[in-house]
Amino acid sequence: MAKIELDGEKVTTYGSLPSMDEKAPHFELIKSDLSIGTLEEFKGKRVIMNIFPSIDTGVCATSVRNFNKKASELKNTVVLCISRDLPFAQQRFVSEEGLDNITNLSDFRDRNFGKDYGVEIIDGAFEGLLSRAVVVLDENGHVIHSQQVQKIEDEPDYLAALKTLV
C-alpha cells in the first residue's frame, strides 16, 4: 500500500505500482468506442501509462495535455490515459482539446486495473478513484519507470518518465 496525500490528508492506495523490470500486469480497459482495450494491443511499442483520478480536474487535464504534446515527439511510443471516468467524458475532453496523440482507457467497468496496478484509492474523499501515477513500459511490456505521485494535486515528473525513452 502506498501512502499519498490529498489536500494535506493522508490516503492509501490498494497496493504498490509494479516493480522495475517486472512484466506489466495484463489489463482489459474500456476504449472511447466502448470496445475492450488490452495491454497486448501495444506489444512492440513503448507505453506511457498516465494514470489519474478524473479528467474533470485541472491537474489531470494538464497531464493529458502535456503527455499528448510530448508523445508527438517520440517514436514507437503510445500514451495511455487511464482513469475511472466514463469513456464519454474522456472522449469529450480530447475532442474539445483537439488531442490526438493519446489513447483513453477507462477502468470503470470491472475495476481490476486499479487493484492490479496498486493505484486504487481505498479511503478519503477520492475513495474508489485511481491515484496519480505514471508507469512506462519498454517494447516487451516490462516496467522501465514508475512514479506514484505523493500529492494528488501535484503533476507527475514528466521529464523522469520521458527520459527513460530517449
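This text gives an overview of the structure that appears in the document. (Residues numbered from 1 in each chain as written. Predicted model: local features only at pLDDT ≥ 70, side-chain atom pairs only at ≥ 80, totals over all residues. Heavy atoms only, no water.)

1. Some details on the environment of Leu 105
- Its place among the elements puts Leu 105 in strand E7 (residues 103–106).
- Since its relative accessible area comes to 0%, Leu 105 is described here as buried.
- For Leu 105 and Ala 160, which are 55 residues apart along the polypeptide, the C-alpha to C-alpha distance reads 23 Å.
- The residues contacting Leu 105, other than those within four sequence positions of it, are Phe 27, Leu 29, Ile 30, Lys 31, Gly 37, Leu 80, Cys 81, Ile 82, Ser 83 and Gln 90. (Helix = DSSP H or I, 4+ residues; strand = E, 2+ residues; numbered from the N terminus. Buried < 20%, exposed > 50% of the residue type's maximum accessible area, 1.4 Å probe, protein only. Contact = heavy atoms within 4.5 Å.)

2. Quick look at the pairing of strand E9 (residues 143–148)
- Bridge count for strand E8 (residues 133–137) against E9 is 5 bridges, and the pairing is antiparallel. Bridge assignment links Val 134 to a residue of E9, and that residue is Gln 147.
- Counted between consecutive antiparallel strands, the loop separating E8 from E9 contains 5 residues, among which Gly 141 sits at a positive phi close to 80 degrees. (Pairing = 2+ DSSP bridges.)

3. A short note on the packing of aromatic side chains
- The full count for this structure, using the stated rule, is 4 aromatic pairs.
- A ring pair is formed by Phe 27 and Phe 113, whose centres lie 5.8 Å apart and whose planes are at 80 degrees; its orientation type is edge-to-face. Placement of the pair is Phe 27 in the loop between strand E2 (9–12) and strand E3 (28–30) and Phe 113 in helix H3 (residues 112–116), with a sequence separation of 86 residues.
- For Phe 113, a relative accessible area of 2% gives the class buried.
- Put simply, the rings of Phe 27, Phe 113 and Tyr 117 pair up and form one aromatic cluster. (Phe/Tyr/Trp six-rings, centres within 6.5 Å; stacked < 30°, edge-to-face > 60°.)

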